[in-house]
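Structural characterization, general
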Amino acid sequence: MTQDDGELDSLVRQRVRALRVAQGWSLEELAARANLSQSTLSRIENGQRRLALDQLVILARALDTTLDQLVENATDDVISSPVIDGAHGLMRWPVKADPGMTVVRQRMTEPPPDNPSRLRAHPGREWLVVLSGTAILLLGNRRYRIETNQAAEFPTMLPHAIGTAGGPCEIMGIFDRDARRGHQRAGERIPRGQEAERQDRPSA
């Protein structure tokens, strides 16, 4: 066994114990859920028993995680820098654990559109939090006021747009793969009257 293998082995054992403790389960409780003996589980956690793939699969299921997450190794890529989109005044971070997910930070200065025809709908789901100021979310026929530190989550198949309420605001948004694609088609920005924005661009 190489040093890296030994470190991963130790990490997996620590992870099993940490996940069990986080669930508030005793050795006996997790052993029963995984259909293992308590002594076997204790030896796995303490490094006194070889890690077997079939047992790790069972433990991952019992701990409500996946085998990949249970044996995931440490990575040096902990810190990442944003991609800055100066044209639209936003910063964008891809989420490594889920390449289809994107985190976006944007400063907004304009109110949402007053014409319902300028609301957009597309597949996906979005989550956003207001970091400063107050935002207005138009969602279908409803109008929501989102204050600093409040968050909103919604399916983007509902026609939607977001803007400010009486002054600049800054938001952080998380988009799933489908929502991100919807914004890519609109210039990688959070929906705020994209039809008007597209008119400023030359046609393809």
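Residues numbered from 1 in each chain as written. Predicted model: local features only at pLDDT ≥ 70, side-chain atom pairs only at ≥ 80, totals over all residues. Heavy atoms only, no water.

**Overview of the nonpolar core**
- Within the largest apolar cluster, 16 residues are counted, with the highest numbers of intra-cluster contacts made by V12, V16, L30, L41, L59 and L70.
- For this core, the element with the highest residue contribution is helix α4 (residues 53-62), accounting for four residues.
- Formed by 12 residues, the second largest nonpolar core is a distinct cluster that contains V130, A135, C169 and I171. (Core = buried A, V, L, I, M, F, W, Y, C linked by side-chain atoms within 4.5 Å. Buried < 20%, exposed > 50% of the residue type's maximum accessible area, 1.4 Å probe, protein only. Helix = DSSP H or I, 4+ residues; strand = E, 2+ residues; numbered from the N terminus.)

**What to know about the packing of helix α2 (residues 27-34) against α4**
- Running from N to C, α2 and α4 cross one another at 110 degrees; their axes reach a closest spacing of 9 Å. With respect to α4, the element α2 is oriented roughly perpendicular. Pair α2 / α4 crosses with right-handed handedness. Along its contact with α2, which presents L30, R33 and A34, the element α4 presents I58, L59 and A62.
- Grouping the constituent residues of the contact of α2 with α4 by class yields five nonpolar, no polar and one charged. (Axes fitted to C-alpha atoms, helices over the stretch in contact; angles between N-to-C directions. Parallel < 35°, antiparallel > 145°, perpendicular 65-115°, else oblique. Left-handed = near helix turned anticlockwise from the far one by under 90°. Contact = heavy atoms within 4.5 Å. Nonpolar A, V, L, I, M, F, W, Y, C, P; charged D, E, K, R; others polar.)

**Re α4**
- Listed as buried for α4 are Q55, L56, L59, A60 and A62. Each buried residue of α4 lies within a common arc of 160 degrees when the element is viewed along its axis, so the set occupies one face. Of the residues in α4, the exposed ones pointing more than 90 degrees away from the buried face are L53, D54 and R61.
- D64 sits one or two positions beyond α4 and adopts a positive phi of about 60 degrees. (Arc of directions from axis to C-beta.)

**Points about the sheet that holds strand β5 (residues 135-139)**
- In spatial order, the strands read β6-β5-β8; together these three strands make up an open sheet with antiparallel pairing. Taken across any chain shown, the strands that pair with only one partner, and hence form the sheet edges, are β6 (142-146) and β8 (160-164). For this sheet, the mean angle separating the axes of adjacent strands, direction not counted, is 20 degrees.
- The sheet contact formed by β5 and β6 spans five bridges and is antiparallel. Bridging from a neighbouring strand, I136 pairs with R145 of β6. (Pairing = 2+ DSSP bridges.)

**Points about the sheet that holds strand β9 (residues 169-175)**
- Strand order across the open sheet formed by six strands is β1-β2-β3-β9-β4-β7, with antiparallel pairing between neighbours. At either end of the open sheet lies a strand with only one pairing partner, and these are β1 (83-85) and β7 (151-155). Put simply, the sheet's adjacent strands are angled 20 degrees from each other on average, direction ignored.
- Where strand β4 (residues 125-132) and β7 come together, five bridges link them in antiparallel fashion. In the strand pairing of β7, R125 is matched with P155.

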